[in-house]
Amino acid sequence: LDTWIFQGQIRDWALRYAPGLSLSDSRLEVFVNLSETCNAYFDGTLNFYQAGGGCNNTGRIADVSYHEWGHGFHYYNLVSGEFDGAISEGIGDSVAVLNTGDYRISPYFFTSGGAIRELASDRVYPDDWVNQVHEDGLIFGGAIWDLWGVLEEDLGAEEGYDTVSTVLVEATKAGP
């Protein structure tokens, strides 16, 4: 039920900021409680793992649901250029933070209460590039987080949010 609610929330975001996105108008299959732990993925369907191994059930974490949907958003929103794994991780993280307002990605991913990643630390290319998609995606995601802060300061909370969401949608139509 949690995943169904989270996917309804992210669909509402997409209908507002990316109304022509085919992913928002089609039925998306979601599989929960898969027999592994500590992960989730998008492969045309959304797939979430059960709790175990020090991790909570990924289908019950809003950020994970938003992030994995973000991979589909990246795939379906891409008009030109190439699909890039690191950029997709940054897009997934950006979609998650824009829908939670929290720079931490998946607080309570771990049963200890820890988050899996965070976007507030400044990372820059090429200095922080390590050739690992989740880590390298923090460069893109962190830039979106920082841009959101600047836009909120300059334009106010609502207009800043609307602007950064629109920028993310439009910018991700082109691959790197």
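Given the structure is predicted, the values throughout are model-derived calculations rather than measurements.

Q: I'd love a proper account of the pattern of salt bridges, names of residues and values included.
A: Counted by the stated rule, this structure contains seven salt bridges. Arg 16 is the salt-bridge partner of Asp 162, the closest N and O atoms lying 3.0 Å from each other. In this pair, Asp 162 is assigned in helix H6 (residues 157-171) and Arg 16 in helix H1 (residues 2-17), connecting sequence segments 146 residues apart. Here Arg 123 ties to Glu 118 by a salt bridge, and the two come within 3.5 Å at their closest N and O atoms.

Q: Hey, could you go over the sheet that holds strand E3 (residues 46-50) for me, with residue numbers and the actual values?
A: Strand order in the open sheet made by the three strands is E1-E3-E2, with mixed pairing throughout. Of all strands in the sheet, those with a lone pairing partner are strand E1 (30-37) and strand E2 (40-42), marking the two edges. With direction set aside, neighbouring strand axes in the sheet form an average angle of 25 degrees. With three bridges joining them, E2 and E3 adopt antiparallel strand pairing. Pairing of Tyr 41 across the sheet is with Asn 47, part of E3.

Q: Describe the nonpolar core, naming the residues involved and giving the relevant values.
A: In this structure, Trp 13, Tyr 66, Trp 69, Phe 73, Val 95 and Leu 98 are the most contacted members of the largest nonpolar core, which totals 23 residues. Counting residues per element, the ones that place at least two in this core are H1, helix H3 (62-77), helix H4 (85-100), helix H5 (133-155) and H6. No other element matches H1, which puts five residues into this core. Not counting the four nearest positions on each side in its chain, Trp 69 is found in contact with Gln 7, Ile 10, Trp 13, Ala 14, Leu 21, Leu 23, Ser 24, Leu 28, Leu 46 and Val 95.

Q: Tell me about the state of the cysteines, and name the residues and values.
A: For the coordinates displayed, the defined rule picks out one disulfide. Here Cys 38 connects covalently by a disulfide to Cys 55, the sulfurs 2.0 Å from one another. With the S-S bond torsion at 100 degrees, the cross-link from Cys 38 to Cys 55 turns out right-handed. One end of the pair, Cys 38, is in the loop between E1 and E2; the other, Cys 55, is in the loop between E3 and H3, with 17 residues separating them in the sequence.

Q: Break down the layout of surface pockets for me, citing the residues and quoting the values.
A: Looking at the largest pocket, its volume works out to about 390 Å³. Forming the boundary of the largest pocket are 19 residues, of which Thr 3, Trp 4, Gln 7, Gly 8 and Val 30 lie nearest the centre. For the lining of the largest pocket, the secondary structure elements donating two or more residues are H1, helix H2 (22-25) and E1. Residue contributions to the lining of the largest pocket peak at seven residues, all from H1. A class-by-class count of the residues in the lining of the largest pocket yields eight nonpolar, eight polar and three charged. Approximately 270 Å³ is the volume attributed to the second largest pocket. Around the second largest pocket, the lining is made up of 19 residues, and of these Asn 39, Ala 40, His 67, Glu 68 and His 134 lie nearest the centre. The set of elements that each furnish at least two residues to the lining of the second largest pocket consists of E2 and H3.

Q: Before we move on, can you summarise a nonpolar patch on the surface with the specific residues and values?
A: On the surface, Leu 1, Trp 4 and Ile 5 cluster together into a nonpolar patch covering about 420 Å² of accessible area. Mapped onto the elements, Trp 4 comes out in helix H1.

Q: Before we move on, can you summarise H6 with the specific residues and values?
A: Compared with an ideal rise of 1.5 Å per residue, which puts 15 residues at 21 Å, H6 spans 21 Å between its outermost C-alpha atoms and is within 8% of the ideal. Among the residues making up H6, those that are buried are Gly 160, Tyr 161, Val 164, Ser 165, Leu 168 and Val 169. Taken end-on, H6 shows its buried residues confined to a sector of 165 degrees, consistent with a single buried face. In this fold, the buried residues of H6 make contact with H1, H3, H4 and H5.

Conventions we followed
Residues numbered from 1 in each chain as written. Predicted model: local features only at pLDDT ≥ 70, side-chain atom pairs only at ≥ 80, totals over all residues. Heavy atoms only, no water. Salt bridge = Lys/Arg side-chain N within 4 Å of Asp/Glu carboxyl O. Helix = DSSP H or I, 4+ residues; strand = E, 2+ residues; numbered from the N terminus. Pairing = 2+ DSSP bridges. Axes fitted to C-alpha atoms, helices over the stretch in contact; angles between N-to-C directions. Core = buried A, V, L, I, M, F, W, Y, C linked by side-chain atoms within 4.5 Å. Buried < 20%, exposed > 50% of the residue type's maximum accessible area, 1.4 Å probe, protein only. Contact = heavy atoms within 4.5 Å. Disulfide = S-S within 2.5 Å. 1 Å grid on protein atoms, 1.4 Å probe; cavity = no way out; pocket = protein on both sides within 12 Å on 5 of 7 lines; lining within 4 Å. Points joined across faces, edges and corners; volume = space filled by probe spheres on them. Nonpolar A, V, L, I, M, F, W, Y, C, P; charged D, E, K, R; others polar. Patch = residues over 30% accessible without salt bridge, like charges linked within 9 Å, V, L, I, M, F, W, Y side chains within 5 Å. Areas by Shrake-Rupley, 256 points an atom, 1.4 Å probe, with all protein chains shown as cover. Expected span 1.5 Å × (residues − 1). Arc of directions from axis to C-beta.

Read these as layout, nothing more, since geometry by itself doesn't imply function.
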